[in-house]
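In case you want the letters, here they are:
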Amino acid sequence: MGLAEDTTTLAPAQIRRTATVTVGLLMGVWVIDYVDRVMMAVALPFIGEDFALTKTEQGWLITAFSLVYLLCQIPGGILADRFGARRQLMVSLLLWSVFTALTGIAWGLASLLVIRALFGVGQGLFPGASFKAIAERTTPTVRATAAGAMLASNQLGAGVAPLIVAPLILVLGWRHTFWVTAAAGVAIGVLLWKLLPKALPAHLNGSDIVHDKGLGLGTVMRSPSVWKFAALFCATNMLGYGLITWVPSYLLEERGISLINTGVMSAIPGLVMCATVFLGGWLFDRFFHDRARLFVIPLLLVTAVLLVLMLMAGSAVGFTVYQTLAMGVAGLSSMGILGMPVRALPPAVIGSGMSVVNVGGQIAGVLAPVLMGFLVDRFSYTVAFGLLIATTVLGALIALIVPQRPEQFSLATKEFA
């Protein structure tokens, strides 16, 4: 199962090293994960031109991945809880690298849809395994900070992807660019297999506190708290998926920005959000772990105001400045949204529990690309981006009903007896 013996004694320095190396490796994998995802958004205008695709059809290329990715979340969490993290992390990384490479040989819309759906299988196995790896290799008191650092690398990947992908597309073409990133995925997989530390003993990572053998997926699925956080993550994750998918096309087509400049302007908000997600995890652990609403709701409302200003901007630079501010503030809220279930879920079911929460976030990944593509086809980019303002405000409203402290987080088998 990948857990060390409870009798093992580790020095504080060893405990810190285990957590640091684990987080560092997982950050590297998440960066590759998001580079592989975001490069499709950067390549969409060129793929659309080659295959004569409408904006709605281009949106379906993102949604096909997101739908399968969503469906794999809970199975991926169950497998991680049952078999541990190491093997599943490797299988996931190698699978998605294969289908990244295959994207480069697609011959039309149908083949792209199939390949991107299978790509979703590979990546869908990863989140549950990554949360499991964090739970096995950190102590509860630093877990939200560790998870925040790991998730901050999502935005690092989203930020560096346009800087890497745009020049590669210009030099190599979009097909060869997918092959290059697939090779990078294989390389980071080898490092992960060789360097990932063993799990901490149960008395250190907290898994020894769970004695009820009935605690499992059924309990997680029946927990109102888990589903409230899933709904909150869905509403707030619309912003990230919507902007990552459609801002590159918007800057190219509506603002007349070159591909290289589009890459730079698309990268800045993601890099800023990377820093603020990490900072948000530290702030949540330090000051707001028992009052998440006070942390999350004001940040989401400020984000919505900044999105309004983004749409009103008269230049591409102004658009990017307000987008950067909006994503930066939204990044601060991320670990208020995810930190509570990360801290409250027992390590024995954290893979399953966080996979259910992540299902909510990935519903946003299914809806945002195709809904916004439809709105662009029927109306305008302004209307499409307006959808993100509405869903961000909705997230603030949902935050009013989520639990703020571990004792309010319902996950006890006796509740369902």
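Bear in mind the structure is a predicted one, so any value in this text is a computation, not a measurement.

Rules of the game
Residues numbered from 1 in each chain as written. Predicted model: local features only at pLDDT ≥ 70, side-chain atom pairs only at ≥ 80, totals over all residues. Heavy atoms only, no water. Helix = DSSP H or I, 4+ residues; strand = E, 2+ residues; numbered from the N terminus. Buried < 20%, exposed > 50% of the residue type's maximum accessible area, 1.4 Å probe, protein only. Contact = heavy atoms within 4.5 Å. Areas by Shrake-Rupley, 256 points an atom, 1.4 Å probe, with all protein chains shown as cover. Core = buried A, V, L, I, M, F, W, Y, C linked by side-chain atoms within 4.5 Å. Patch = residues over 30% accessible without salt bridge, like charges linked within 9 Å, V, L, I, M, F, W, Y side chains within 5 Å. Salt bridge = Lys/Arg side-chain N within 4 Å of Asp/Glu carboxyl O. Phe/Tyr/Trp six-rings, centres within 6.5 Å; stacked < 30°, edge-to-face > 60°. Expected span 1.5 Å × (residues − 1). Polar contact = N/O pair within 3.5 Å; in protein donor to acceptor, adjacent residues only side chain to side chain. Axes fitted to C-alpha atoms, helices over the stretch in contact; angles between N-to-C directions. Left-handed = near helix turned anticlockwise from the far one by under 90°. Nonpolar A, V, L, I, M, F, W, Y, C, P; charged D, E, K, R; others polar.

Enquirer: Sorry if this is basic, but what is going on with the overall build of the protein here?
Expert: Scanning the protein for helices and strands turns up 16 helices and zero strands. The proportion of buried residues among the 417 residues of the protein is 61%. Nonlocal contacts in the protein, meaning residues at least 24 apart in sequence, comprise 87% of its contacts between residues at least 6 apart. Within the structure as shown, the protein displays about 15,800 Å² of accessible surface, and the carbon and sulfur contribution to it stands at 70%.

Enquirer: How should the nonpolar core be read in this particular structure?
Expert: The tendency in soluble globular proteins is for nonpolar side chains to be buried side by side. Ranked by internal contacts, the top residues of the largest apolar core, which has 122 residues, are I47, L89 and F385. A total of 17 residues in this core trace back to one element, the largest contributor, which is helix α1 (residues 12–51). Setting aside anything within four residues of it in sequence, one finds L89 in contact with L26, F126, A129, S130, A133, L192 and L196.

Enquirer: What exactly am I supposed to notice about a nonpolar patch on the surface here?
Expert: A surface patch of nonpolar side chains, amounting to about 850 Å² of accessible area, comprises L163, I164, L170, V171, L172, V180, I260, V264, I268, L271 and V272. Those elements that place two or more of their residues in the nonpolar patch are α7 (143–172) and α12 (259–288). For V264, the location among the structural elements is in helix α12. A relative accessible area of 37% places V264 in the partly exposed class.

Enquirer: Help me out: how do you make sense of the packing of aromatic side chains in this one?
Expert: For any two aromatic rings, the description comes down to two numbers: the centre-to-centre distance and the angle of the planes. One pass over the structure, following the stated rule, counts eleven aromatic pairs. Aromatic pair W30 and F126: ring centres 4.8 Å apart, planes at 65 degrees, arrangement edge-to-face. Taken as a pair, W30 in helix α1 and F126 in helix α6 (residues 126–137) lie far apart in primary sequence, 96 residues in all. With respect to class, W30 is no different from F126; both count as buried.

Enquirer: Looking at this model, I keep getting lost on helix α4 (residues 86–103). Mind explaining?
Expert: Residues spaced three or four apart along an α-helix point in a common direction, a consequence of the helix completing one turn every 3.6 residues. Here α4 contains 18 residues, and its C-alpha end-to-end distance of 26 Å stays within 8% of the 26 Å for a straight helix at 1.5 Å per residue. Among all positions in α4, only Q88, L89, M90, S92, L93, W96, S97, F99, T100 and T103 are buried. Looking at the buried residues of α4, the elements they touch are α1, α3 (73–83), α5 (109–124), α6 and α8 (174–195).

Enquirer: How do you make sense of the environment of T103 when you look at a structure like this?
Expert: Looking at the secondary structure, you find T103 in helix α4. C-alpha separation for the pair T103 and F119, spaced 16 residues apart in sequence, amounts to 8.9 Å. Leave out the neighbours within four places in its chain, and T103 touches M40, L112, I115, R116, W174 and F178. In this structure the side chain of T103 is engaged in a polar contact, spanning 2.8 Å, whose partner is the backbone oxygen of F99.

Enquirer: Please clarify how the pattern of salt bridges should be interpreted in this entry.
Expert: Side chains that carry opposite charge are capable of pairing whenever their charged atoms lie near each other. Inspection of the entire model under this criterion finds one salt bridge. One salt bridge connects R137 with E136, and the closest N-O pair in it is separated by 2.6 Å. A single burial state applies to R137 and to E136, both of which are buried.

Enquirer: Whenever I open this one, unusual backbone geometry confuses me. Can you help?
Expert: Negative phi characterises most residues that are not glycine, and trans characterises most peptide bonds. Even without being a glycine, A52 presents a positive backbone phi close to 55 degrees. Relative to the assigned elements, A52 resides in the loop between α1 and α2 (55–71).

Enquirer: Explain the side chain of S334 here, please?
Expert: Within the secondary structure, S334 is located in helix α14 (residues 316–344). For S334, a relative accessible area of 19% translates into the label buried. Once you skip the residues sitting within four places of it in the chain, S334 turns out to touch M273, V277 and G339.

Enquirer: Quick question: what am I supposed to make of the packing of α1 against helix α11 (residues 224–253) here?
Expert: Relative orientation and spacing of two packed helices are given, respectively, by the angle between their axes and the distance between those axes. One way to put it is that α1 packs onto α11 with a least axis distance of 8 Å and a crossing angle of 35 degrees. α1 and α11 meet at a crossing whose hand is right-handed. Across the interface between the two elements, Y34, R37, V38, A41, V42, L44 and P45 from α1 touch Y241, I244, T245, P248, S249 and L252 from α11. Of the residues assigned to the contact of α1 with α11, the class counts are ten nonpolar, two polar and one charged.

Enquirer: Which parts of the structure should I look at to understand the environment of M27?
Expert: Secondary-structure assignment places M27 in helix α1. For M27 and L156, which are 129 residues apart along the polypeptide, the C-alpha to C-alpha distance reads 9.0 Å. Once residues lying within four places of it in the same chain are set aside, the contact partners of M27 are A149, M150 and S153.

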